[in-house]
Amino acid sequence: VDAQDPKIICHPVVVLFSDMIWGRLANKYFFASRCYFGATLLVFIVSQSILQHLSDGKEDDTQRIATFVCRVFIYIGSMGQLFVNQVRYLVSNCKTKSFVSVGCIKVPEYLFDMQKLGALALLTVLFLMCTQEPIFHCAAEVGGNGDLFTQRCPSVEGTGRQDAYSALSMIALLLYWGLLVDLTIFSMRISAYTLVCGRVLSELGLFLGGMCFLVLAFSSSIGALKHKSKDFSDIPKGALSLLEITLGLFPTEHFMSVQKEVPVLIAVSLFIIIVTVFLLNLLVAQLNGAYHAIYADMVGFARLTRGTIIVSTLAGVSDKRWNRFLSALKLEEKLEFNEGDIGLAGGIQVLEPSSANPSAVDRIKRFAGSTSSRMPWPAEQGDIDEEDKFERLEKVIHRATKKMTGGRGGKKRGAGSSSLGQGSSSGQGASGGSAGSGDSE
């Protein structure tokens with residue numbers, strides 16, 4: 001995990017080890033830690049998006065009390081937890097002096113983690129919401145009408161606090177949902193897809209940058225023309241109209257006024273060709289190329305993300321739970337290679353269908369006798385090195401030559417003549433007859 005190598009993390013042994021720890025131990029602790037965050041999100045949705053729409057008119061006491069309780073829970077339970085976590089991360093970086101220089105400013109290292117940076121952003125938004133909370137501003141103006149925990153009072157209405165609070169609520173909800181993306185780690189396929197989406201965002205950013213440049217260029221150019229089109233009367237209106245054309249939101253009836261102005265029509269047509277025909281198709285090609293280039297390593301990066309979560313989760317696992325997990329592995333028991341065939345201890349047995357890797361050769365080498373570690377390792381049958389092979393081949397050739405030479409000598413001797421002239425060894429082989437041949441073997 002520290003090496004951040006997507007190739008090593010996909011090794012079958014590492015995959016087996018990480019999946020075993022994740023499936024039997026880490027996932028339960030990780031899910032339990034995220035359940036509280038999910039509960040705070042649910043409470044936040046109820047207080048901000050459900051309760052305020054239950055009644056069209058005046059809120060009743062039950063609705064106001066429920067809204068107040070939910071929001072107090074968010075400010076104390078959620079914002080308080082986020083604050084404690086941020087302080088813990090900052091203290092940890094200060095102790096280890098883990099800072100990254102960004103220009104002339106040293107930034108804590110934990111802020112380069114997107115999850116922790118998102119948590120800091122959520123903490124900031126919740127704090128701003130607390131300062132603009134309508135219930136707190138109206139608490140001092142509660143009269144004898146019984147409107148306890150109301151959100152409608154002169155200090156809120158007409159001051160813009162309600163609009164600011166609603167905008168902050170929307171941003172906070174988006175951040176809440178964004179921080180739940182790490183739950184995709186339960187599925188490697190979904191996690192890899194999420195990482196791919198994050199990696200190709202740079203291509204989308206290039207497209208948006210090019211589109212903004214063209215919108216600004218064409219809106220200012222059309223503003224320099226002399227025309228009567230109200231949609232392009234100045235640069236802001238022209239930029240808005242071009243953006244609507246790009247997104248397909250420009251009203252169809254407004255094109256009639258554009259068609260009456262030929263220079264404007266030419267400029268708008270050229271803009272549509274460049275943005276819609278060229279840039280959009282180029283974006284598709286870029287996304288396709290980037291996807292194929294990075295998808296091969298995305299599974300590895302997804303497993304690295306899971307490995308990081310496993311390491312951080314195991315730091316909070318008690319020794320008792322860890323020892324219970326180790327004892328459940330039964331590493332001291334000997335494994336069965338086959339039914340009744342006991343092997344070594346200290347391993348983990350992985351079963352597979354018999355048809356998965358068919359083999360007619362038994363890959364397990366078996367030796368008779370004692371299994372004592374003091375006994376020498378038995379010689380393996382058929383374990384012959386290259387030199388032994390050549391030596392045996394040389395002996396076979398030599399033996400075959402002897403036989404051929406002896407056979408020819410016998411025939412010559414029987415004929416009463418000897419014309420081979422192969423030296424003393426050949427003569428001895430011929431005079432010895434079959435007995436000499438038998439001795440040479």
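Please read these numbers as outputs of a predicted model, since none were measured by experiment.

Draft legend 1. Quick look at the pattern of salt bridges. One pass over the full model with this rule turns up six salt bridges. Here the residues in one salt-bridge network are Asp19, Arg303 and Arg306, joined through shared partners.

Draft legend 2. Broad picture of the nonpolar core. Phe44, Leu122, Leu126, Met129, Ala172 and Tyr176 are the most contacted members of the largest nonpolar core, which has 20 residues in total. Going through the elements one at a time, helix H1 (12-50), helix H2 (61-96), helix H3 (114-131) and helix H5 (161-179) are the ones with two or more residues in this core. Once residues lying within four places of it in the same chain are set aside, the contact partners of Phe44 are Ser49, Ile74, Leu126, Met129, Ser169, Ala172, Leu173 and Tyr176. One finds Met20, Trp22, Met188 and Ala302 within the second-largest nonpolar core, a separate group that totals 19 residues.

Draft legend 3. Representation of the packing of aromatic side chains in the model. Here the structure, examined in full by the defined rule, presents 13 aromatic pairs. For the ring pair Phe37 and Tyr176, a centre distance of 5.3 Å and an interplane angle of 40 degrees mean the geometry is tilted. One end of the pair, Phe37, is in helix H1; the other, Tyr176, is in helix H5, and 139 residues separate them in sequence. This pair shows no difference in class: Phe37 is buried, exactly as Tyr176 is. Here Tyr89 and Tyr110 contribute two aromatic rings whose centre-to-centre distance is 5.5 Å and whose plane-to-plane angle is 45 degrees, an arrangement assigned as tilted. Highlighted residues: Tyr89 in helix H2 and Tyr110 in the loop between strand S2 (105-108) and H3, separated in sequence by 21 residues. Residue Tyr89 is classed as partly exposed on the basis of its relative accessible area of 25%. Here Tyr110 falls in the buried class, since its relative accessible area comes to 9%. A connected cluster of aromatic rings, assembled from ring pairs, spans Trp22, Phe30, Phe31 and Phe186. Across the ring face of Phe37, the terminal group of Arg34 is positioned such that the distance to the ring centre comes to 4.7 Å. Between Arg199 and the ring centre of Phe301, over which it is positioned, the NZ or CZ distance is 4.6 Å.

Draft legend 4. Structural context of unusual backbone geometry. Phi angles above zero are rare outside glycine, and Gln4 is one such case at about 55 degrees. Along the chain, the position of Gln4 falls in the segment before H1.

Draft legend 5. Highlighting helix H7 (residues 201-223). Between its first and last C-alpha atoms H7 spans 33 Å; for 23 residues at 1.5 Å apiece the expected length is 33 Å, and the two agree. Of all the residues in H7, the buried ones are Glu203, Phe207, Met211, Leu214, Val215, Phe218, Ser219 and Ile222. Elements in contact with the buried residues of H7: helix H8 (235-247) and helix H10 (262-314).

Draft legend 6. Representation of the environment of Met129 in the model. Take Met129: it is sitting in helix H3. Met129 gets classed as buried once you look at its relative accessible area, which sits at 0%. Spatially, the C-alpha atoms of Met129 and Tyr75 are 9.0 Å apart, while their sequence positions differ by 54 residues.

Draft legend 7. The arrangement of the side chain of Ser47 in detail. Position of Ser47 among the secondary structure elements: in helix H1. Given the relative accessible area of 0%, Ser47 is considered buried. Within the structure, the side chain of Ser47 is placed 3.0 Å from the backbone oxygen of Phe44, a separation counted as a polar contact.

Draft legend 8. Molecular detail of the packing of helix H6 (residues 188-199) against H10. Their axes nearest at 8 Å, the elements H6 and H10 cross at an angle of 125 degrees. Relative to H10, H6 is oriented oblique. Considering the relative orientation of H6 and H10, their crossing is right-handed. Residues Met188, Ser191, Ala192, Leu195, Val196 and Arg199 of H6 form the contact with H10, whose own contacting residues are Tyr291, Ile294, Tyr295, Met298, Val299, Phe301, Ala302, Arg303, Thr305 and Arg306. Across the contact of H6 with H10, the residue classes break down as 11 nonpolar, two polar and three charged.

Draft legend 9. Just the side chain of Gln63, in detail. Note on placement: Gln63 falls in helix H2. Residue Gln63 is classed as buried on the basis of its relative accessible area, which comes to 7%. Setting aside anything within four residues of it in sequence, one finds Gln63 in contact with Leu51, Gln52, Leu54 and Ser55.

Draft legend 10. Spatial organisation of a nonpolar patch on the surface. Judged by side-chain polarity, Leu16, Leu331, Ile348 and Val350 come together as a nonpolar surface patch covering roughly 310 Å² of accessible area. As for its position among the elements, Val350 is in the loop between strand S4 (341-345) and helix H12 (386-414). We classify Val350 as exposed; its relative accessible area is 54%.

Draft legend 11. Region of the structure containing H1. Between its first and last C-alpha atoms H1 spans 48 Å; for 39 residues at 1.5 Å apiece the expected length is 57 Å, and the helix comes up short by more than 12%. Of all the bends in H1, the greatest, near 55 degrees, is centred on Ala26.

Draft legend 12. Region of interest: the confidence of the model for the chain. Averaged over all residues, the pLDDT of the chain equals 81, while 87% of them reach at least 70. The secondary structure element of the chain with the lowest average pLDDT is helix H13 (residues 424-440), at 39, and the one with the highest is H3, at 93. The low-confidence segment residues 410-441, where pLDDT is below 50, has 11 contacts with residues more than four positions distant or belonging to other chains.

Draft legend 13. Main features of the pairing of S4. As defined by bridge partners, strand S3 (residues 334-338) adjoins S4 across three bridges and the pair is classed as antiparallel. Its bridge partner being in S4, Glu336 is matched across the sheet by Ile342.

Draft legend 14. Fine view of the environment of Ile266. Tracing the backbone through its elements, the reader meets Ile266 in helix H10. Judged by relative accessible area, Ile266 falls into the exposed class, the value being 54%.

Draft legend 15. Quick look at the packing of H2 against H3. At a minimum axis separation of 10 Å, H2 and H3 run at an interaxial angle of 135 degrees. It follows that H2 is oblique to H3 by the angle criterion. In terms of crossing hand, the pair formed by H2 and H3 is left-handed. Facing Ile74, Tyr75, Ser78, Met79, Leu82, Phe83, Gln86 and Tyr89 of H2, the residues of H3 in contact are Lys116, Ala119, Leu120, Leu122, Leu123, Leu126, Phe127, Met129 and Cys130.

Each value, and the rule that gives it
Residues numbered from 1 in each chain as written. Predicted model: local features only at pLDDT ≥ 70, side-chain atom pairs only at ≥ 80, totals over all residues. Heavy atoms only, no water. Salt bridge = Lys/Arg side-chain N within 4 Å of Asp/Glu carboxyl O. Core = buried A, V, L, I, M, F, W, Y, C linked by side-chain atoms within 4.5 Å. Buried < 20%, exposed > 50% of the residue type's maximum accessible area, 1.4 Å probe, protein only. Helix = DSSP H or I, 4+ residues; strand = E, 2+ residues; numbered from the N terminus. Contact = heavy atoms within 4.5 Å. Phe/Tyr/Trp six-rings, centres within 6.5 Å; stacked < 30°, edge-to-face > 60°. Lys NZ or Arg CZ within 6 Å of the ring centre and 35° of its normal. Expected span 1.5 Å × (residues − 1). Polar contact = N/O pair within 3.5 Å; in protein donor to acceptor, adjacent residues only side chain to side chain. Axes fitted to C-alpha atoms, helices over the stretch in contact; angles between N-to-C directions. Parallel < 35°, antiparallel > 145°, perpendicular 65-115°, else oblique. Left-handed = near helix turned anticlockwise from the far one by under 90°. Nonpolar A, V, L, I, M, F, W, Y, C, P; charged D, E, K, R; others polar. Patch = residues over 30% accessible without salt bridge, like charges linked within 9 Å, V, L, I, M, F, W, Y side chains within 5 Å. Areas by Shrake-Rupley, 256 points an atom, 1.4 Å probe, with all protein chains shown as cover. Bend = angle between axes of the 7 residues up to and from the residue. pLDDT = per-residue confidence, 0-100. Pairing = 2+ DSSP bridges.

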